Amino acid sequence: GEMEGKGQMDYANGDIYFGEWMDSVPHGKGRLICTGEKGSLKQYAGDFSRGIMHGVGRIDYKDGSYYEGDLKSTQVKGKYDSGKQYSKQIGLKHGYGVRVWASGNRFEGNWVNGEMN
C-alpha cells in the first residue's frame, strides 16, 4: 500500500524522515535527518513537495552553518565523474532567505536558483 498521512521512515543509509506523506513520498511538513558521512546536509525541517524540499524551511549543515527561508524544487542537469549524464529534481534556495556560515558571516536577502542575488 501507499504511505499517506503522517509517519516515519528509517532509510537503509541511516537517514530518518518523519512528517507528512502523500503517494509514498514526503509531501507537506516534515523533517529529514541525515546521519551518513556523505554530503553536507545535517537536517532539513520544513515543506516538502513530492519528496523534494520546496516551500519554506531550514537547512542545517554539518559544519554548523544554516539557511532559513524559501526553497524551490528545480530540475538540474549535469555529469557524473564517469561521464554519464543525469537530470534530477532538487530543492534550491530561491526567494527570500537568511544564510549564516559557521564563520559568522551572514547574508539576508533574495536568492535565485541557489545563488545569492
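Cut-offs and rules
Residues numbered from 1 in each chain as written. Predicted model: local features only at pLDDT ≥ 70, side-chain atom pairs only at ≥ 80, totals over all residues. Heavy atoms only, no water. Helix = DSSP H or I, 4+ residues; strand = E, 2+ residues; numbered from the N terminus. Buried < 20%, exposed > 50% of the residue type's maximum accessible area, 1.4 Å probe, protein only. Contact = heavy atoms within 4.5 Å.

J.: Before we go on, may I ask you to explain the environment of Leu71 in this structure?
T.: Position of Leu71 among the secondary structure elements: in strand 6 (residues 66-79). Exposure remark for Leu71: the relative accessible area of 5% places this residue in the buried category. Apart from residues lying up to four places away in sequence, Leu71 is in contact with Tyr44, Met53, His54, Gly55, Gly57, Ile59, Gly91, Leu92, Lys93 and His94.

J.: Help me understand unusual backbone geometry, please; the structure alone is not making it clear to me.
T.: What you tend to see is this: most non-glycine residues have negative phi, and most peptide bonds are trans. Unusually for a residue other than glycine, Asp23 sits at a positive phi of about 50 degrees. With respect to the helices, strands and loops of the structure, Asp23 is situated in the loop between strand 2 (16-22) and strand 3 (25-33). Judged by relative accessible area, which is 48%, Asp23 ranks as partly exposed.

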